[in-house]
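# Coordinates in review
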Amino acid sequence: MNNLNKNSTEEIKGQIVAVMPEALGLYHIPKNEHLDYKEKILNIDTKAPESKRRVDVLQKEKLRHISNNRKQNIFRDFPELEGLKSTIEKYAINYFWETGYDCNEIVITDAWINIGSKNATLQPHLHSNSYLSGNYFVNFDRNVDTLLNFYNDRLMNGTGRQPFLSIPPRDKKTIYNIRDVALAVNEGDIIFWRSHLLHGFSKPNSGEKRITLSFNIMPRICHSGD
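Residues numbered from 1 in each chain as written. Predicted model: local features only at pLDDT ≥ 70, side-chain atom pairs only at ≥ 80, totals over all residues. Heavy atoms only, no water.

Here the focus is the packing of helix H1 (residues 31-47) against helix H3 (residues 82-98). At a minimum axis separation of 10 Å, H1 and H3 run at an interaxial angle of 130°. Accordingly, the angle class assigned to the pair H1 and H3 is oblique. In this structure, the crossing between H1 and H3 has a hand that is left-handed. Residue-level contacts link Glu 33, Tyr 37 and Ile 41 of H1 to Gly 83, Leu 84 and Thr 87 of H3. Looking at side-chain class alone, the contact of H1 with H3 contains three nonpolar, two polar and one charged residues. (Axes fitted to C-alpha atoms, helices over the stretch in contact; angles between N-to-C directions. Helix = DSSP H or I, 4+ residues; strand = E, 2+ residues; numbered from the N terminus. Parallel < 35°, antiparallel > 145°, perpendicular 65-115°, else oblique. Left-handed = near helix turned anticlockwise from the far one by under 90°. Contact = heavy atoms within 4.5 Å. Nonpolar A, V, L, I, M, F, W, Y, C, P; charged D, E, K, R; others polar.)

In structure tokens, the structure reads:
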């Protein structure tokens, strides 16, 4: 491939090679199964006791959670979601398989429900206590509800992961300098990602009730590679 430097007409023969890219898994729950899970989750939002509820410290009622305490887990707290738990486990193991890893048993260490109303946001963050994370879009209309964004930590200030030296990106967007990206998901979809990836949504939600179910996953067996 021939390239030109910005301030030179000299042709340069070379190429940029992408190594070790991040893998996002996008899975689609069959519609009839999704509608069953959605009905159960909507019912949980109605009947969950106060001990299982938490509001975001900064956003208050704009962003609520169910079973978000470190000692809670939505699948332990509400056994009627056992079928959804099995579905997530099946897809997670497929994610490991398709990305080339040997993992046949997993543990969903944390799982909770998020309810975002109008103008809710979610600051970029990562999950340091797990290997794989995911988000199930329960009540979601991408025409009004904000998509989940994944952020380039090399360009994000205040994350504690930015290199000491950084260079402003050019106007031309590439896979290397893009600040954030979002998959065009629909209701009933699940996204999986490695837990160290920064994610959230800074654009205020326009819908009245954006409901997702988030979870963290660890392999049941961890080893040194031998």
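Strand order in the open sheet formed by seven strands is E3-E11-E8-E13-E6-E5-E4, and the pairing between neighbours is antiparallel. Only two strands of the sheet have a single partner each, and these edge strands are strand E3 (25-28) and strand E4 (53-56). In this sheet, adjacent strand axes meet at a mean angle of 25° when their direction is disregarded. Sitting on the sheet, H1 is in contact with E4, strand E5 (60-66), strand E6 (106-116), strand E8 (132-139) and strand E13 (210-219), with an inclination near 85° to E8. (Pairing = 2+ DSSP bridges.)

For the structure on display, the rule yields eleven salt bridges. As a salt-bridge pair, Asp 45 and Lys 209 come within 3.0 Å of each other at their nearest N and O atoms. Of this pair, Asp 45 sits in helix H1 while Lys 209 sits in the loop between strand E12 (198-201) and E13; the two residues are 164 residues apart in sequence, bridging distant segments of the chain. With a shortest N-O distance of 4.0 Å, Arg 64 and Glu 61 are connected by a salt bridge. (Salt bridge = Lys/Arg side-chain N within 4 Å of Asp/Glu carboxyl O.)

This paragraph deals with the sheet that holds strand E10 (residues 180-182). Ordered by their spatial adjacency, four strands build an open sheet running E7-E12-E9-E10, and the pairing between neighbours is antiparallel. Each of the sheet's edge strands pairs with one partner strand only, and the pair in question is strand E7 (122-125) and E10. Between one strand axis and the next, the sheet turns by 25° as a mean value, whatever way the strands run. Pairing analysis gives three bridges linking strand E9 (residues 149-151) to E12, with the strands arranged antiparallel. Looking at the pairing, Tyr 151 lines up with Leu 198 of E12.

Judged by nonpolar contacts, the single largest core of 32 residues is most densely connected at Ile 74, Ile 88, Phe 192 and Leu 213. Those elements that provide at least two residues to this core are H1, helix H2 (74-77), H3, E6, E8, strand E11 (189-194) and E13. In terms of residue count, the dominant contributor to this core is H3 (six residues). Listed in part, the eight residues of the second largest apolar core include Phe 137, Phe 140, Ile 191 and Trp 193. (Core = buried A, V, L, I, M, F, W, Y, C linked by side-chain atoms within 4.5 Å. Buried < 20%, exposed > 50% of the residue type's maximum accessible area, 1.4 Å probe, protein only.)

The next point concerns the packing of aromatic side chains. In this structure the tally under the stated criterion is eight aromatic pairs. Taken together, the ring pairs in this structure connect Tyr 27, Tyr 91, Tyr 95, Phe 96, Tyr 131, Phe 192 and Phe 215 into an aromatic cluster. Over the ring of Phe 201 we find Arg 210; its NZ or CZ atom is 4.2 Å from the centre of that ring. (Phe/Tyr/Trp six-rings, centres within 6.5 Å; stacked < 30°, edge-to-face > 60°. Lys NZ or Arg CZ within 6 Å of the ring centre and 35° of its normal.)

The topology assignment puts Asp 77 in helix H2. When the C-alpha atoms of Asp 77 and Ala 48 are compared, they prove to be 9.4 Å apart, with 29 residues separating the residues in sequence. Here Asp 77 is in contact with Lys 52, Ser 67 and Gln 72, once residues within four sequence places are set aside. Side-chain polar atoms of Asp 77 contact the side chain of Ser 67, separated by 2.7 Å. (Polar contact = N/O pair within 3.5 Å; in protein donor to acceptor, adjacent residues only side chain to side chain.)

Moving on, we get to the side chain of Asn 205. Turning to its location among the elements, Asn 205 is positioned in the loop between E12 and E13. Within polar-contact distance, the side chain of Asn 205 engages the backbone oxygen of Gly 207 at 3.1 Å. Ignoring anything within four residues of it in the chain, the contact list for Asn 205 reads Gly 116, Ser 117, Lys 118, Asn 119, Ala 120, Val 144, Asp 145, Thr 146 and Arg 210.

With 17 residues, H3 should reach 24 Å at 1.5 Å per residue; the first-to-last C-alpha distance of 24 Å fits that figure. For H3, every residue scored as buried is listed here: Leu 84, Thr 87, Ile 88, Glu 89, Tyr 91, Ala 92, Tyr 95 and Phe 96. Of the residues trailing H3, Gly 100 is marked for its positive phi of about 90°. (Expected span 1.5 Å × (residues − 1).)

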